[in-house]
Structures are given as C-alpha cells and as structure tokens.
Amino acid sequence: MKKKGMSPKERREYERLQERKKRQMEKRYAKSMGWDNPAKSVSEKGRVPNPDKKQEKKGRNILGKILLFLQVLASAGFVGMLILSNIIPLKYVIVAIICLLILWSIGLVSQVKRKKRGIVGKLYIVLVTGCLVAGTYQLGFMTGTLDKITGGNSKVDTMVVAVLANDKAEDIADVREYTFGVQYKLDKADVKDMVSHINKELDTKIKTKEYKNVNEQAKALHEGEVKAIIYNEGYKEILEEEFHGYSNKVKIIYHYNIKTKLDDVSSNIKVKTEPFNVYVSGIDVYGEISKNSRSDVNIIATVNPKTRQILLVTTPRDYYVEIPGVSHGQRDKLTHAGIYGVDTSIKTLSELYDTEIPFYARVNFTSLIDIVDELGGVDVMSDYAFKTGTAAGAVVRVSKGMNHFNGKQALAFSRERHNLPDGDNQRGKHQQAVLTAMIKKLVSPSMLIKANSIINKVSDGVETNMSQGQLQTLIKMQLNQGGSWNIKSVAAEGTGDKQRCYSSGSMRLYVCQPDEESVTEIKQLIKQVENGETLQESEMTQ
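Residues numbered from 1 in each chain as written. Predicted model: local features only at pLDDT ≥ 70, side-chain atom pairs only at ≥ 80, totals over all residues. Heavy atoms only, no water.

Quick look at the overall build of the chain
For step 1, the next point in the chain: Helices and strands together make up the secondary structure of the chain, namely 17 helices and 20 strands.
For step 2, the next point in the chain: Taking all 542 residues of the chain together, 48% fall into the buried category.
For step 3, the next point in the chain: Here the analysis covers contacts within the chain between residues at least 6 apart in sequence; of these, 72% occur between residues at least 24 apart.
For step 4, the next point in the chain: For the chain, the accessible area works out to roughly 28500 Å², and carbon and sulfur atoms hold 54% of it. (Helix = DSSP H or I, 4+ residues; strand = E, 2+ residues; numbered from the N terminus. Buried < 20%, exposed > 50% of the residue type's maximum accessible area, 1.4 Å probe, protein only. Contact = heavy atoms within 4.5 Å. Areas by Shrake-Rupley, 256 points an atom, 1.4 Å probe, with all protein chains shown as cover.)

Thoughts on unusual backbone geometry
For step 1, the next point in the chain: Not every positive phi belongs to a glycine, and N86 is a case in point at roughly 60 degrees.
For step 2, the next point in the chain: Note that N86 resides in the loop between α3 (52–85) and α4 (90–112).
For step 3, the next point in the chain: A relative accessible area of 29% means that N86 is categorised as partly exposed.
For step 4, the next point in the chain: Even without glycine at this site, H328 takes up a positive phi of about 55 degrees.

Observations concerning the confidence of the model for the chain
For step 1, the next point in the chain: With 88% of its residues at a pLDDT of 70 or more, the chain has an overall mean of 85.
For step 2, the next point in the chain: The low-confidence segment residues 38–46, where pLDDT is below 50, has 8 contacts with residues more than four positions distant or belonging to other chains. (pLDDT = per-residue confidence, 0-100.)

Details of the sheet that holds strand β6 (residues 276–283)
For step 1, the next point in the chain: The 7 strands lie next to each other as β16-β11-β6-β7-β8-β17-β20, forming an open sheet whose pairing is mixed. Looking at which strands have only one partner, the edges of the open sheet turn out to be β16 (462–464) and β20 (539–540).
For step 2, the next point in the chain: Where helix α14 (residues 423–442) meets the sheet, it contacts β7 (295–304), β8 (309–314), β17 (486–491) and β20, and its direction lies at approximately 155 degrees from that of β8. (Pairing = 2+ DSSP bridges. Axes fitted to C-alpha atoms, helices over the stretch in contact; angles between N-to-C directions.)

Topic: the pattern of salt bridges
For step 1, the next point in the chain: Following the criterion strictly, the structure yields 9 salt bridges and no others.
For step 2, the next point in the chain: The residue D318 makes a salt bridge to R317 at a minimum N-O spacing of 3.1 Å.
For step 3, the next point in the chain: When its relative accessible area of 4% is taken as the criterion, R317 is described as buried. (Salt bridge = Lys/Arg side-chain N within 4 Å of Asp/Glu carboxyl O.)

A short note on the nonpolar core
For step 1, the next point in the chain: If you look at the biggest cluster of nonpolar residues, it comprises 38 residues, and the most contacted ones within it are L82, F276, V278 and L312.
For step 2, the next point in the chain: The greatest single-element share of this core, amounting to 6 residues, is contributed by helix α5 (residues 119–149).
For step 3, the next point in the chain: If we ignore the near neighbours within four places in the chain, the residues touching L82 are I88, V93, A96 and L139.
For step 4, the next point in the chain: L262, V321, V490 and I526 belong to the second largest nonpolar core, which has 24 residues in total. (Core = buried A, V, L, I, M, F, W, Y, C linked by side-chain atoms within 4.5 Å.)

A few points about the environment of A437
For step 1, the next point in the chain: On the secondary structure map, A437 appears in helix α14.
For step 2, the next point in the chain: Relative accessible area serves as the criterion here: at 8%, A437 is assigned to the buried category.
For step 3, the next point in the chain: Dropping the residues within four chain positions of it, A437 is found in contact with V378, D379 and V380.

Side note on the side chain of N199
For step 1, the next point in the chain: With respect to the helices and strands, the residue N199 is situated in helix α6 (residues 188–202).
For step 2, the next point in the chain: Residue N199 is classed as buried on the basis of its relative accessible area of 18%.
For step 3, the next point in the chain: Residues contacting N199, with those up to four places away along its chain left out, are T204, K205 and I206.

Observations concerning the sheet that holds strand β4 (residues 228–232)
For step 1, the next point in the chain: Strand order in this open sheet of 5 strands is β3-β2-β4-β1-β5, and the pairing throughout is mixed. The outermost strands of the open sheet, each flanked by one partner alone, are β3 (207–210) and β5 (250–261). Strand after strand, the sheet turns through a mean of 25 degrees between neighbouring axes, direction not considered.
For step 2, the next point in the chain: Alignment of strand β1 (residues 154–164) against β5, held across 11 bridges, turns out to be antiparallel. Along β5, the bridge assignment pairs A162 with I252.
For step 3, the next point in the chain: Lying on the sheet, α6 is in contact with β1, β2 (179–182), β4 and β5; it crosses β5 at an angle near 115 degrees.
For step 4, the next point in the chain: Packed onto the sheet, helix α7 (residues 214–223) meets β1, β2, β4 and β5 and runs at close to 160 degrees relative to β4.

Considerations on the packing of helix α12 (residues 365–374) against helix α13 (residues 407–415)
For step 1, the next point in the chain: Where α12 contacts α13, the two axes come as close as 7 Å, and the packing angle between them is 130 degrees. It follows from the interaxial angle that α12 and α13 lie oblique. The way α12 lies across α13 gives a crossing that is right-handed. Residue-level contacts link F365, L368, I369, V372 and D373 of α12 to G407, K408, A410, L411 and R415 of α13. (Parallel < 35°, antiparallel > 145°, perpendicular 65-115°, else oblique. Left-handed = near helix turned anticlockwise from the far one by under 90°.)

Some words on α7
Note that an α-helix has 3.6 residues per turn; residues three or four places apart therefore point the same way.
For step 1, the next point in the chain: Along α7, the residues classified as buried are V214, N215, Q217, A218, A220 and L221.
For step 2, the next point in the chain: If you follow the buried residues of α7, they end up packed against β1, β2, β4, α8 (236–242), α9 (246–249) and β5.
For step 3, the next point in the chain: Where α7 begins, the capping side chain belongs to N213, and its oxygen is found 3.1 Å from the backbone nitrogen of N215. (Polar contact = N/O pair within 3.5 Å; in protein donor to acceptor, adjacent residues only side chain to side chain.)

Digging into α4
For step 1, the next point in the chain: Relative to the 33 Å expected for 23 residues at 1.5 Å per residue, α4 spans 33 Å between its end C-alpha atoms, a close match to the ideal helical length.
For step 2, the next point in the chain: Turning to α4, its buried residues number three or more, namely V93, A96, L100, G107, S110 and Q111. (Expected span 1.5 Å × (residues − 1).)

Concerning the environment of L311
For step 1, the next point in the chain: By the secondary structure assignment, L311 is in strand β8.
For step 2, the next point in the chain: Under the relative-accessibility criterion, L311 is labelled buried at 0%.
For step 3, the next point in the chain: Linking L311 and I300, residues 11 residues apart in sequence, is a C-alpha distance of 7.8 Å.
For step 4, the next point in the chain: Those residues in contact with L311 that sit more than four places away from it in its chain are I300, A301, T302, K488, V490, L525, I526, V529 and L535.

Next comes the structure, spelled out in structure tokens:
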C-alpha cells in the first residue's frame with residue numbers, strides 16, 4: 001500500500017521495508033513448519049507450500065512401520081512352527097533366524113533410506129511376509145498330515161452282502177426275504193456281528209444257511225441254494241482263484257465296516273538309539289488303506305540307528321506258513337494272513353523269524369505310484385530283461401542292468417512274476433530293489449524340500465503305528481547327522497508246490513514251501529543287525 005505525500009525516495013524505502021517484513025514472515029512460517037529451506041518452499045509463482053504435505057509424509061512412514069512389524073510377526077510365527085514341527089535340527093533353526101534377520105534389515109533400510117515414496121521397499125516387505133505366512137501354513141499342514149498317517153492302532157474288516165449280477169435286488173431292503181449263505185469258521189465274530197446288524201437294519205430276523213468256507217458259499221450262490229451270501233471283502237481274491245471272473249458274476253449290494261483296536265506294542269521303543277523292526281506291507285487294493293486285505297509285499301526292515309545299518313528281508317507272498325491264532329496248526333499262504341489284519345501278518349512273520357516286530361507301515365498301490373513320482377522316479381537294477389504283462393498294471397520293457405522308472409513303471413516292475421524265471425521269488429527281490437532305491441532318495445537332505453508334497457499326496461495311502469513323535473525323531477536325526485546308511489537285501493527261498501490252504505478250504509493252491517536253511521540264515525542276519533554288526537555286501541546310500 002502506497003502512502004500519499006511521500007517523496008519518491010521515501011516511497012522506495014517504504015517498499016523495501018515492506019518486502020523485508022514479508023520475507024521475515026515467510027521465514028518464521030517455514031521454520032514453524034519444519035522446512036529447512038524456505039526459499040525452495042515457495043514456488044516460482046510465489047505460492048506458499050501446502051501444510052498437508054507434512055501429514056502425507058508421516059502417513060507414508062506409518063505404513064512402512066506397520067509392514068515391518070507384520071514381517072516381524074510372520075518371522076516369529078515361522079520360527080515358532082519350525083520348532084513345533086520337531087523335525088528341524090537346532091542348527092538349521094539358528095540359520096533360519098539369521099536369514100530372517102537379514103531379510104528384515106533389508107526391509108528396514110528400504111524405508112529409512114527410501115527414494116520417492118519407498119514403494120519398492122514396501123513391495124519387498126509384502127512379498128517376504130507373504131512367503132513366510134505361506135511357509136508357516138505348509139509346515140503346520142505337514143505336521144497335521146504326519147499326525148494323520150502315524151499312530152495307527154486299528155484294523156477294519158469290511159463285510160459285504162453279494163447277490164448274482166442279474167439279481168433285481170439293489171440294496172439291503174430288497175433281500176429281506178432271501179436266505180443268506182454264511183460261514184463261521186474263518187471269522188465267526190465278524191459274521192455274527194454282520195447278521196445282527198442286518199437284522200437290526202431290516203427290523204427282522206433273516207434266514208441263514210451255514211457252509212464250511214467262503215468257496216462253498218460262492219458255489220451255493222451260483223447254484224441257487226441261497227440268493228445272497230455274507231463274507232469278508234478280503235476273501236474276494238480267494239474267490240477269484242476258485243471261480244474265474246467271480247467279481248463280474250456277482251454284485252455287492254451292502255457294505256458294513258467293523259473296526260477293531262490293535263494292541264499298542266511300539267510306544268516304548270526309542271527309535272533314535274535302539275534297533276527295531278518294521279513290517280512293510282504292500283496291500284493289493286487301491287484307495288482306502290485301513291481295510292484288511294491280502295498283502296502282496298511282505299518286507300521286514302531291521303534298522304539299527306547307531307550303526308546306520310538296514311536289513312531288508314523279503315518273504316514270498318505264497319510262503320506256506322502257519323497263521324498264529326487263526327489257522328489252528330494248518331498252514332496257509334502268507335498273503336492270506338493280511339485278510340485277518342496287519343497284526344496277524346506281523347505275528348506270522350515274528351514266529352517265522354523268531355523276532356519281535358513292533359512297527360508296521362502299510363502302503364497301497366496308489367501311494368507307491370505317488371511316492372515314486374514325487375521323488376522324480378527311481379533307478380532300479382534288474383537281473384533280467386523282460387516285459388511286464390497287463391496284470392502288473394502297465395506294460396513296461398525292462399532292460400537288464402539299471403532302469404529309471406516312474407511310479408506306474410516301478411509298480412509294474414514290483415508286481416510282475418509270470419514273465420520271470422524264478423517267479424514270485426524274483427518278484428520279492430524286485431520289490432526290495434524298488435524299496436532300496438526309494439530309501440536312497442528319501443534319506444537325502446534335498447528331499448526336505450519335497451517332504452510336504454510327498455506326505456500330502458500319500459496321506460490317504462500310507463498308515464503306520466509309529467507315533468508322530470517317533471517319526472519326527474527319525475527325520476530330525478537324519479537331517480541333523482546326514483551321512484549314508486548301509487542297506488543289505490535278502491530274500492527267503494523256497495520251492496513251488498500245490499497244497500490245501502486254511503483260508504481256501506479243500507481247493508489246492510500254488511504255495512512256496514520254505515527253505516529252512518534260508519530261514520535260519522535270515523534269523524542270524526537279523527540278530528547281527530540288532531547286536532550292532534555291520535553286514536558284509538551292504539549297499540551304501542549317498
């Protein structure tokens with residue numbers, strides 16, 4: 001504002017004074033707002049800086065702090081799950097903590113010395129935090145799955161009602177007036193339980209006719225003596241041997257599962273320091289693992305964790321042996337013991353080799369395929385060149401020497417016996433070879449990366465009575481100590497024959513008569529491993 005009556009000189013002095021006051025006011029305002037350079041805070045057009053910019057910068061700083069805090073929480077959760085999983089050795093947990101500190105420090109620096117708005121640093125923190133959350137979830141899921149496959153302490157008998165394939169009956173209500181063929185010799189309690197259950201289901205008392213064995217039941221059904229039969233589904237393959245195409249000639253209209261608790265004989269075994277035996281059973285069914293079924297693969301793994309020695313003993317499925325508590329002195333095929341439960345198979349082999357077998361692991365065909373595929377295939381040595389038949393599940397051309405198999409090929413190789421010079425005996429050796437190849441890969445530290453996917457895929461096809469803690473101890477021990485194991489494979493020998501079997505009645509079936517010298521040698525080898533000896537001609541894992 002110009003004043004009247006001022007000389008030109010006074011007017012110029014007045015204007016300079018006003019300009020000086022204006023600059024002082026701007027300087028004081030800039031200082032109150034925390035700006036170091038007030039001159040740069042004013043735009044070229046003379047605009048005063050927006051005071052909201054200070055709050056915007058504070059907001060960006062708060063967001064960075066929140067993201068860093070979330071990364072700390074995710075890191076703590078990940079470390080906590082590593083410890084709770086109880087499979088990661090302490091030295092690896094410490095390495096993980098150091099790595100997490102480094103990752104957090106990088107995020108911190110990206111926010112302290114941020115350029116522009118620190119967007120790249122924030123994205124980095126979000127990515128690391130997301131990976132840690134996903135890793136924590138996967139570790140927790142794997143621990144839960146381990147709990148699912150361990151601690152097995154029961155067996156399931158599936159009782160069925162069968163009628164002829166052309167019968168009009170579709171469910172249990174349609175057969176209330178039928179006469180049912182039954183047999184009480186093989187599994188009296190289960191058959192009685194099934195009859196009682198049907199009576200309750202139909203609110204009546206069904207008519208029954210008793211036969212000596214399941215083969216006589218099936219014959220009576222086909223000849224029209226009865227219109228339905230009740231039996232354990234595990235006998236299906238025995239019936240197929242008596243009646244070719246049996247499964248296509250009948251239809252199952254009713255299922256009833258009977259669950260029986262097994263005795264706990266494994267909880268006191270210290271697997272880290274004590275030698276122990278594991279019965280590995282490969283059952284001839286797909287899908288649910290808990291059902292009783294014939295066991296096509298019968299391997300005893302004798303493990304000494306101190307000497308790192310493993311002995312794999314294969315017993316032919318057709319070995320002609322007594323089934324303790326079942327056959328009453330009569331002999332039967334070893335594979336039929338599985339029909340009465342995994343505990344019966346264990347008792348049969350324990351008596352044969354005079355040893356205690358506290359643990360078992362049951363694997364069905366589906367899980368074998370999945371495990372081998374997750375391992376990236378296995379390298380297996382074959383003594384013969386041959387082609388598997390369709391009965392083995394897939395047609396595979398096997399070369400003499402080393403072969404690389406995927407899951408289906410490994411299964412076909414393990415099941416084939418008809419195109420081999422020594423039949424079932426050689427098949428047992430092939431099963432050992434596949435198991436040895438799998439162990440070699442499973443004990444490798446690199447398999448830790450694939451552990452979650454392997455356990456997840458086979459959770460429905462593998463069952464063991466080993467506790468979760470015992471299995472975690474073994475995994476942790478291998479990761480901590482590393483190193484190789486010595487593996488020796490032997491197979492029980494015998495000669496082919498045809499004899500009556502307890503489970504099949506009067507019908508003569510192919511069996512393998514045990515070679516007593518072979519059995520005695522295996523007994524001695526098991527004792528040697530248990531006593532801490534390293535066996536000659538063992539194969540070493542990498």
